[in-house]
Amino acid sequence: MEQLYVFGTGNAAVTQCYNTCFAIKNPQGEFFMVDTGGGNGILRILEDMHISLSQIHHIFITHEHTDHILGIVWIIRMIAARMKYGQYEGELHIYCHDSLPETISTICRLTLQDKFFKMIGQRIFLIPVSHDETVQILNYPITFFDICSTKARQYGFTTTLENGKQFTCCGDEPFNPACIDYVKGSCWLTHEAFCLYSQRDSFKPYEKHHSTVKDACELAENLGISNLILWHTEDKNLKQRQSLYIEEGKAYFSGNLYVPEDETVIELI
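A few points on the structure. From a predicted model like this one, the values you see are computed outputs, not experimental measurements. All chains use their own residue numbering, which begins from 1 and follows the written sequence. Reporting of local features is limited, given that this is a predicted model, to residues whose pLDDT is at least 70; pairs of side-chain atoms are given and counted only at 80 or more, and all residues count toward the totals for whole chains, interfaces and linings. As a rule here, side-chain values come from all non-hydrogen atoms in the structure, and water together with hydrogens is ignored.

**Quick look at the pattern of salt bridges**
Between side chains of opposite charge, a pair can form when the charged atoms approach closely. When a carboxyl oxygen of Asp or Glu is within 4 Å of a side-chain nitrogen of Lys or Arg, the pair counts as a salt bridge. As enumerated under the stated definition, the model contains eight salt bridges in all. The partner of Asp-114 in a salt bridge is Lys-118, and the shortest N-O contact between them spans 3.2 Å. Among the residues examined, Lys-118 registers a relative accessible area of 47% and is labelled partly exposed. Between Glu-218 and Lys-214 there is a salt bridge, and its shortest N-O distance comes to 3.1 Å. With Glu-218 and Lys-214 both in helix α8 (residues 213–223) and four residues apart, this pair spans about one turn of that helix. Note on classification: 1.4 Å probe, protein chains only; a residue is buried when its accessible area is under 20% of the maximum for its type, exposed when over 50%, partly exposed between these limits. A relative accessible area of 15% means that Lys-214 is categorised as buried. Look at the salt bridges and you will find they share partners, linking Arg-44, Asp-48 and Glu-263 into a network. Each helix is a run of H or I in the DSSP string that is no shorter than four residues. Each strand is a run of E no shorter than two, and both are numbered from the N terminus.

**Concerning empty space enclosed by the protein**
Definitions used for this entry: grid spacing 1 Å over protein atoms alone; cavity, a set of points where a 1.4 Å probe fits but cannot get out; pocket, an open set with protein on both sides within 12 Å along at least 5 of 7 lines; lining residue, one with an atom within 4 Å of a point. Grid points are joined across faces, edges and corners, and a volume is the space filled by probe spheres set on the points. Evaluated as defined, the whole model comprises one cavity of 30 Å³ or more. Quantified by volume, the largest cavity comes out at close to 100 Å³. Lining the largest cavity are 14 residues, and of these Thr-20, Asp-35, Cys-169, Gly-171 and Trp-231 lie nearest its centre.

**So, unusual backbone geometry**
A positive phi is found at Cys-148, a non-glycine position, where the angle reads about 65°. Along the chain, Cys-148 turns up in the loop between β8 (140–146) and β9 (155–160). By relative accessible area, which is 35% here, Cys-148 ends up partly exposed. At His-209, a position not held by glycine, the phi torsion is positive, near 55°. Look at His-209 and you get partly exposed, because its relative accessible area is 29%.

**What to know about the pairing of β9**
Each regular strand carries side chains that alternate between the two faces of the sheet. Counting buried positions over the six residues of β9 gives five, a clear majority of the element. In this scheme, strands are said to pair when DSSP sees at least two bridges between them. Inspection of the sheet shows β8 paired to β9 by four bridges, in the antiparallel sense. Bridge assignment links Thr-143 to a residue of β9, and that residue is Thr-158. Sheet topology note: the β9/strand β10 (residues 166–169) ladder contains four bridges and is antiparallel. Across the sheet, the residue bridging to Thr-160 is Gln-166, located in β10. Taken together, β9 and the strand that follows it, β10, pair antiparallel across an intervening segment of five residues, in which Gly-164 is found at a positive phi of about 90°.

**Points about the layout of surface pockets**
Empty pockets left among the atoms are what a rolling probe the size of a water molecule brings to light. Computed from the structure, the largest pocket encloses a volume of approximately 180 Å³. Lining of the largest pocket is provided by Leu-43, Leu-46, Glu-47, Ile-51, Ser-52, Leu-53, Ser-54, Met-78, Arg-82 and Gln-87. Secondary-structure elements contributing two or more residues to the lining of the largest pocket are α1 (41–48) and α3 (71–84). For the lining of the largest pocket, the element with the most residues is α1, which contributes three residues. Residue classes in the lining of the largest pocket are distributed as five nonpolar, three polar and two charged. Three categories are distinguished: nonpolar for Ala, Val, Leu, Ile, Met, Phe, Trp, Tyr, Cys and Pro, charged for Asp, Glu, Lys and Arg, and polar for the others, with Gly belonging to the last.

Nothing here speaks to function; it is all geometry.
Below, the structure written as structure tokens:
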């Protein structure tokens, strides 16, 4: 059975939780990691969740924003060190759209010691993927798609789990109808929810091109989604966030609604 490891659940500006990133763990104990957050906090989270870097050989970076990409520098630095000292077997594959390999490489060149940076191209590979391209990663056919962002170019993905259920990540912006062919039929859907609809005047999600809980739940209901995961949220009331978001969401969505905390594991049944 696959599990979803939720590393962070916050938007770019949070300080009380980590930025949204996650991984799918397959039954063999390997991870397909999606985004890395904005800093070295990802290393503590991996440690807290008892994940060894040796279990991570595949990472997908959705787009260039700091809260999604900067953690990759720390992952590369730590894995490169383990490679040099014989503590990491195999290769690290980092997937992203074709504008990002140069960005990631440049950031690493400017911030990492040369002995670590040189591992890029030797055992660490930046792999560009295209819209509508399917790549076999671990035991999953991962189909990448352009989410049609109005800000930075961004990709999501959809895949079929071992139990035959479809899992789709549509990035950190509101669903675009142009992506319907990749999302329809999904049993599991991850979607951003910047804040409660009742708090839209305070947080102004639409000005930032984000959704509210109500918006995301209405979308999932219309698409016939069975399981909806909401994250990439504000962090002003973390203790009550889960209960408040579920209370608002259940009025618009009849499926299973998840509002996870950081360092949560969800069974993908």
